[in-house]
Amino acid sequence: MQRHIISILIENESGALSRVAGLFSARGYNIESLTVAPTEDPSLSRMTILTSGSDEVLEQITKQLNKLVDVVKVVDLSEAAHVERELMLIKVRATGKDREEMKRMADIFRGRIIDVTESTFVIELTGASAKLDSFIAALDAGLILETVRTGVCGIGRGDRILKV
Amino acid sequence: MMISGAEIVIRCLQEEKVDCVFGYPGGSVLHIYDALFKQDQVKHILVRHEQAAVHAADAYSRSSQRVGVALVTSGPGVTNTVTGIATAYMDSIPMVVLTGQVPSFYIGQDAFQECDTVGITRPCVKHNFLVKDVKDLAVTIKKAFHIASTGRPGPVVVDIPKDITAQMCEFDYPKTIQMRSYNPVVKGHLGQIKKAVQILQEAKRPIIYTGGGVILSDAAEQLTKLAHKLNFPVTNTLMGLGGYPATDKQFIGMLGMHGTFEANNAMHYADVILAIGARFDDRVIGNPEHFAEEKRRVIHIDIDPSSISKRVKVDVPIVGNVQDVLEEIVKLMDSGFKTDPDVANWWKQIDAWRGRESLRYKQSEHIMPQYVMEKLYEVTGGNAFVTSDVGQHQMFAAQYYKFDKPRRWINSGGLGTMGVGLPYGMGVLMANPDAQVACVTGEGSIQMCIQELSTCKQYGFPIKIINLNNGMLGMVRQWQEMFYSKRYSQSYVTSLPDFVKLAEAYGHVGMKIEKPEDVEPALRKAFTEHKDDLVFMDFIIDPVANVFPMVAAGKGLTEMILAEDL
């Protein structure tokens with residue numbers, strides 16, 4: 001069971017997302033995260049799916065995705081050099097001595113505090129998923145009020161370009 | 001000139017040379033039905049239930065090279081078609097289903113007869129569309145026909161809101177269509193084809209295993225030519241029957257769960273499998289682990305890359321249209337191809353397996369279903385279009401009716417939909433008006449779409465219904481006998497109608513046949529004297545006849561159960 005990042009260029013039509021999500025659920029494939037937004041060409045959307053499975057399952061996933069009529073291109077980013085990022089917003093309790101501690105932790109992880117109230121901070125943190133996991137692990141669980149993560153997005157390094 | 005959306009729909013059908021649609025009117029499609037009324041190029045067949053419209057359109061496709069079309073209203077009209085769409089999808093049948101939708105400004109408001117058509121049908125279509133602008137209507141219908149009929153074919157749904165059919169627009173039907181996201185491969189990779197030819201040359205125990213892909217790409221002629229050149233044994237899947245002449249000496253029968261002894265053994269012990277337009281499904285290879293125990297090389301030709309290495313690891317994948325690839329192989333073989341001399345020994349082995357005569361059956365005082373199929377074959381000279389429902393009768397027809405031509409065996413292979421037989425007969429007759437059509441069914445299946453007897457009367461479809469009546473849901477009963485210690489849970493059908501009277505009530509001819517000696521005369525009478533009538537033949541058959549050979553679920557292909565006396 002290996003972790004794979006699948007990038008998809010898909011026609012930006014209504015229902016495109018449900019075709020992809022439906023394919024994964026109908027055939028029993030995993031989705032660990034999924035992100036989607038239009039590209040610089042508004043007629044196309046780019047979708048990034050974090051999934052896992054054996055080589056055979058991954059072969060089927062890419063073949064089945066390619067079969068969807070709206071899908072223009074599919075690539076398994078994790079097959080070669082790539083960079084990946086995920087964004088997290090995390091709301092924490094920040095009162096008394098925790099206030100200073102939270103500020104310090106955010107600095108160590110190169111997060112930014114983007115909202116401040118008398119008792120809370122919202123910290124923005126970007127990085128590979130593992131870094132976000134470590135940040136959560138480093139905080140006192142009792143102080144975490146809310147987290148929201150975008151899911152992984154990724155791009156091939158150098159000349160590896162996914163374009164029509 | 002501006003015309004209405006409804007008129008555009010009909011003009012599109014005319015441009016696609018659609019000669020008939022199967023459908024049922026309702027609120028959301030009234031504009032379209034009005035446009036249909038004002039012309040006579042596209043005929044309409046009014047079914048009695050929307051499920052039958054889709055089955056009939058499906059059979060129209062299966063029995064011809066054209067795309068079948070169904071037209072239904074929104075809401076229940078659509079939900080009634082789902083079984084038919086899924087049936088066509090599983091067997092890769094090209095079909096376009098036009099569905100009415102509530103006006104676009106009502107969508108999402110739980111309007112009368114509203115349902116999420118695109119959402120409900122999404123998992124069982126090749127593609128579907130919701131038309132949101134009348135300017136997109138013609139191009140969407142063009143895309144639908146293009147997608148349905150190219151690549152691996154399949155059903156396409158076009159959902160059209162009622163207000164779109166009322167709006168006015170210029171009509172401009174595109175001659176061709178380009179889609180950047182949809183470009184199916186046709187030509188096979190030459191390097192792969194060369195590799196395949198090399199392996200075929202080295203094969204000592206080869207088998208050609210073919211499925212519905214041969215029928216769909218109209219490659220029966222090319223397959224026969226190739227097989228004769230190679231002198232290899234040929235087996236067909238249920239969907240592939242007729243892709244290779246069943247009376248040819250190289251044909252070793254259907255394989256799989258109810259395949260012949262020789263076909264299943266040859267498939268299992270082959271050192272080279274040439275798989276053509278077939279997908280190694282669970283009913284064909286049995287337990288995949290057992291199948292994987294033998295070492296062999298597999299060449300797989302298929303238009304759909306996702307069918308390759310899905311269930312069985314393939315050594316030489318060739319993605320392409322079966323017909324084109326087979327032609328390419330034959331061309332390459334012309335230059336000095338030599339079959340391995342060991343193939344002669346392989347044929348000796350196959351003949352020994354054939355000697356088991358695994359389709360032999362015992363006559364009894366009852367009518368045996370196998371006997372009815374043999375007589376049907378004789379009486380129709382092997383030339384009938386045989387539609388079938390699902391169950392024991394389907395297997396008997398597949399085993400005992402020898403199909404020499406493609407597109408003559410019309411059944412639901414993948415989804416296994418009971419009730420298709422009668423509407424399939426209607427579709428066949430619309431595509432082939434002079435055909436002899438036999439609908440092989442059982443008293444369970446026929447009742448699932450029996451209302452279509454009324455449609456058959458209205459349009460004079462002279463289908464010959466061969467009802468193999470054992471008073472049991474036979475295939476269920478067979479499994480219960482063999483695997484559930486004869487606990488016949490809900491497999492006995494009581495309170496059957498008098499089928500003769502039922503047929504007569506609909507204005508057809510009914511016959512009840514109870515003795516073996518009456519089988520042939522009844523069939524002859526039906527196909528001659530009542531040539532132009534629908535004849536419902538109720539054959540009261542042996543209630544406990546079972547289908548053999550049988551590979552039980554989870555068993556290996558060679559672990560067949562044969563009839564007791566073999």
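Everything numeric in this text was worked out from a predicted model, so none of it was measured.

**Things to note about the interface of chain A and chain B**
Contacts between the two partners involve 19 residues from chain A, matched on the other side by 17 residues from chain B. Together chain A and chain B conceal approximately 1500 Å² of surface at their shared face, both sides included; 44% is due to carbon and sulfur atoms. Considering only the surface of chain A that becomes buried against chain B, Arg19, Lys67 and Val69 of chain A emerge as the three largest contributors, covering 42% of it. On the surface where chain A and chain B come into contact, there are three salt bridges.

**With respect to the sheet that holds strand β3 (residues 44-53) of chain A**
All names here are of chain A. With respect to topology, four strands assemble into an open sheet ordered β2-β3-β1-β4, the strand pairing being antiparallel. Every interior strand has two partners, whereas the edge strands, β2 (33-38) and β4 (71-76), have only one. Taking the axes of each pair of neighbouring strands and ignoring which way they run, one obtains an average angle of 15° across the sheet. Two strands pair when backbone bridges link them, and β2 and β3 are joined in this way by six bridges, in the antiparallel orientation. Residue pairing in the sheet places Thr35 in a bridge with Thr48 of β3.

**Description of unusual backbone geometry**
All names here are of chain B. Residue Phe548 is joined to Pro549 through a cis peptide bond whose omega torsion reads -5°. Checked against the element boundaries, Pro549 lands in the segment after β20 (535-540). Positive phi, normally seen in glycine, also occurs at Lys17, with a value near 60°. Mapped onto the secondary structure, Lys17 falls in the loop between α1 (5-15) and β2 (20-23). Relative accessible area serves as the criterion here: at 67%, Lys17 is assigned to the exposed category. Even without being glycine, Asp110 reaches a positive phi, approximately 55°. Counting through the fold element by element, Asp110 comes out in the loop between β5 (95-101) and α6 (117-121).

**Here's the deal with helix α18 (residues 392-400) of chain B**
Of all nine residues that make up α18 of chain B, nine are buried, and the element is covered over most of its length. For α18 of chain B, the set of buried residues is Gln392, His393, Gln394, Met395, Phe396, Ala397, Ala398, Gln399 and Tyr400 of chain B.

**Thoughts on the nonpolar core**
Met267, Ile273, Phe280, Ile329, Met373, Ile466 and Phe539 of chain B are the most contacted members of the largest nonpolar core, which has 101 residues in total. In this view, Ile466 of chain B contacts Val372, Met373, Leu376, Ala438, Cys439, Val440, Thr441, Leu523, Met537 and Phe539 of chain B; residues no more than four positions away in its chain are not counted.

**With respect to the layout of surface pockets**
Empty space within the second largest pocket amounts to approximately 1200 Å³. Residue assignment for the lining of the second largest pocket shows that the elements contributing at least two residues are α1 (16-26), α2 (55-67) and β4 of chain A together with α5 (82-90) of chain B. Element by element, the count of residues in the lining of the second largest pocket is highest for α2 of chain A, at five residues. Its residues placed into classes, the lining of the second largest pocket shows 17 nonpolar, 12 polar and 11 charged.

**What to know about the pattern of salt bridges**
A full pass over the atoms with the stated rule returns 35 salt bridges over all chains. Residue Asp98 of chain A is joined to Lys97 of chain A by a salt bridge in which the shortest nitrogen-to-oxygen separation is 3.9 Å. Overall, Lys97 of chain A belongs to the exposed group, its relative accessible area being 71%. With its nearest N and O atoms 2.9 Å apart, the salt bridge here joins Glu520 of chain B to Arg524 of chain B.

**Some thoughts on the packing of aromatic side chains**
Residue and element names in this part refer to chain B. In total, this model carries 16 aromatic pairs over all chains according to the counting rule given. When the ring of Tyr401 is compared with that of Phe403, the centres are 4.9 Å apart and the planes differ by 35°; the resulting orientation is tilted. Judged by its relative accessible area of 2%, Phe403 falls in the buried class. Centroid distance Phe403 to Trp409: 5.3 Å. Interplanar angle 40°. Geometry classified as tilted. An aromatic cluster is defined as three or more aromatic residues linked by ring pairs; in this entry it consists of Tyr377, Tyr401, Phe403 and Trp409. A cation sits over an aromatic face here: Arg296 above Phe291, 3.8 Å from the ring centre. A cation over an aromatic ring shows up here: Lys464 above the ring of Phe527, its NZ or CZ 5.9 Å from the ring centre.

Analysis parameters
- Residues numbered from 1 in each chain as written.
- Chains lettered and ligands numbered in written order.
- Predicted model: local features only at pLDDT ≥ 70, side-chain atom pairs only at ≥ 80, totals over all residues.
- Heavy atoms only, no water.
- Contact = heavy atoms within 4.5 Å.
- Buried area = accessible area lost by both parts, 1.4 Å probe.
- Salt bridge = Lys/Arg side-chain N within 4 Å of Asp/Glu carboxyl O.
- Pairing = 2+ DSSP bridges.
- Helix = DSSP H or I, 4+ residues; strand = E, 2+ residues; numbered from the N terminus.
- Axes fitted to C-alpha atoms, helices over the stretch in contact; angles between N-to-C directions.
- Buried < 20%, exposed > 50% of the residue type's maximum accessible area, 1.4 Å probe, protein only.
- Core = buried A, V, L, I, M, F, W, Y, C linked by side-chain atoms within 4.5 Å.
- 1 Å grid on protein atoms, 1.4 Å probe; cavity = no way out; pocket = protein on both sides within 12 Å on 5 of 7 lines; lining within 4 Å.
- Points joined across faces, edges and corners; volume = space filled by probe spheres on them.
- Nonpolar A, V, L, I, M, F, W, Y, C, P; charged D, E, K, R; others polar.
- Phe/Tyr/Trp six-rings, centres within 6.5 Å; stacked < 30°, edge-to-face > 60°.
- Lys NZ or Arg CZ within 6 Å of the ring centre and 35° of its normal.

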